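An overview of the molecular structure
Residues per chain are reported as follows:
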There are 2 protein chains.
Amino acid sequence: MIKKVDHIAVAVESLDEAVELFERTLGLRVTHRESAAGFDVETATFDLGDVALELVEGTSEASEVRKFIKARGPGLHHIAFAVDDIERSLASLKAKGVRLIDETPRPGQAGSRVAFIHPESTHKVLIELVELERKA
Amino acid sequence: MIKKVDHIAVAVESLDEAVELFERTLGLRVTHRESAAGFDVETATFDLGDVALELVEGTSEASEVRKFIKARGPGLHHIAFAVDDIERSLASLKAKGVRLIDETPRPGQAGSRVAFIHPESTHKVLIELVELERKA
C-alpha cells in the first residue's frame, strides 16, 4: 500500500519565524509556499531529496494545526505516505477497522489527493495518505 | 550540510504492540530490531525506500523516550538528517548559537555516529544528525 514517505510536517506558530530559523540554522531553503484554504493552513516546503519537510501554520482558530499546538505545543505534526490508489488504501484500512478522519480523499497540493488516518488507530501518529497524481 | 532525511522516529509505549499495529494496519514489515544501550531504547525499523520509519521504546525510567511520553504522550519523536561530516555540522551549528544536546557525536546504529540538536533551537522539533559512515 505505502510506496514511500512523501513529507513530514511540523506545526509552527509563525511560518515566517520558523522558515527564517530553519534556513539560518540548518542551511535549508524553502522551495515553495502555499495556502491550503480547505485546511486553514499556510505551508512552506523544503525539498530534501525525495522527501519534503513541510512547515505548517494554522490560519484560523478552527484550524487543526492551531488546536494541535494548543494541546501539545509546536513540533512534529504528521507524516505523509505516498500511495498508488488512495481509494483502495482507504477501503483496505476501513476493512481492518482503522478509524479514518477522511473517508474520501480531499484535494491536496499540486493536484494530489489526500486523506488523514485518525491517530487513535496508529499509536498516536497522525498519518496522511497522498496520491500524487490523479488516475486517468 | 543536510543531505537527506535518514529516518523518522516514533516514541511508543510498547514496541511489540506498535509493531503489530503498524504491520497489520499499514502493511509495513519490520526490517530489523535493535537495542541501543547508550540511549536506553529498543527500536524497530521499517524501511520505506530511502527513509526509515523507526519505532522507539524506552527501556528504563532514565530514557529520554519515556520522559517524552510522560510529558507529551506517544507519537512522532524526532527526525534524523544524514550529514557528510558530523563534526563540521556540529561546529557550524554551535557557531550559529544553536543549542546542542550532544556537542560530540555518539555511536548510533550500524556504525553510524549521531548527535541531537536541542529542540529549543529548532522550533521544538527534536533533530538528530547522522553521519552514516566513519571517515577513513
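Turning to the relation of the copies chain A and chain B, a few remarks are in order. With an RMSD of 0.0 Å, the operation that places chain A on chain B is a rotation of 180° combined with a shift of 0.0 Å along the axis. The relationship between the two copies is best expressed as a two-fold rotation axis. Both copies contact each other with a shared surface, as 100% of the interface residues of chain A are interface residues in chain B too.

Residues and elements named next belong to chain B. Although it is not a glycine, Asp40 adopts a positive phi angle of roughly 55°. Tracing the sequence through the fold places Asp40 in the loop between β2 (30-36) and β3 (41-48). You can call Asp40 partly exposed: its relative accessible area is 27%. Even without being a glycine, Ala110 presents a positive backbone phi close to 50°. Given the relative accessible area of 77%, Ala110 is considered exposed.

On to the sheet that holds strand β4 (residues 51-58) of chain A. Residue and element names in this part refer to chain A. Taken in spatial order, the 8 strands make up an open sheet running β2-β3-β4-β1-β5-β8-β7-β6, and their pairing is mixed. Looking at strand neighbours, the two that pair on one side only are β2 (30-36) and β6 (106-107), the edges of this open sheet. Pairing analysis gives 5 bridges linking strand β7 (residues 113-117) to strand β8 (residues 127-131), with the strands arranged antiparallel. Paired with Arg113 across the strands is Glu131, a residue of β8. The strands touched by helix α3 (residues 86-95) are β5 (75-83), β7 and β8; relative to β8, the strand with the most contacts, the crossing angle is about 145°.

Formed by 62 residues in total, the largest nonpolar core has its most connected members in Leu53 and Phe81 of chain A together with Leu53 and Phe81 of chain B. With near-sequence residues (within four places) excluded, Leu53 of chain B lies in contact with Ile79 and Phe81 of chain A together with Ile8, Val10, Phe22, Leu28, Ala44, Thr45, Phe46 and Leu48 of chain B.

Right, let's talk about the packing of aromatic side chains for a bit. Residues and elements named next belong to chain B. For the coordinates displayed, the defined rule picks out 4 aromatic pairs over all chains. On the numbers, 6.1 Å between centres and 70° between planes, the contact of Phe39 with Phe116 is edge-to-face. Of this pair, Phe39 sits in the loop between β2 and β3 while Phe116 sits in strand β7 (residues 113-117), placing them 77 residues apart in sequence.

Turning our attention to the pairing of β5 of chain A. Every other side chain in a regular strand lies on the same face of the sheet, so the side chains alternate between the two faces. Residues and elements named next belong to chain A. Counting buried positions over the 9 residues of β5 gives 9, a clear majority of the element. Looking at chain direction, strand β1 (residues 2-12) and β5 are connected through 8 bridges and run antiparallel. Each residue of the ladder has a partner; that of Ile8, found in β5, is Ile79. Relative to β8, β5 is paired through 4 bridges, and the arrangement is parallel. Looking across to β8, one finds that Phe81 is bridged to Leu129.

Reading the values: rules and limits
- Residues numbered from 1 in each chain as written.
- Chains lettered and ligands numbered in written order.
- Predicted model: local features only at pLDDT ≥ 70, side-chain atom pairs only at ≥ 80, totals over all residues.
- Heavy atoms only, no water.
- Least-squares fit on C-alpha atoms with pLDDT ≥ 70 in both.
- Contact = heavy atoms within 4.5 Å.
- Helix = DSSP H or I, 4+ residues; strand = E, 2+ residues; numbered from the N terminus.
- Buried < 20%, exposed > 50% of the residue type's maximum accessible area, 1.4 Å probe, protein only.
- Pairing = 2+ DSSP bridges.
- Axes fitted to C-alpha atoms, helices over the stretch in contact; angles between N-to-C directions.
- Core = buried A, V, L, I, M, F, W, Y, C linked by side-chain atoms within 4.5 Å.
- Phe/Tyr/Trp six-rings, centres within 6.5 Å; stacked < 30°, edge-to-face > 60°.

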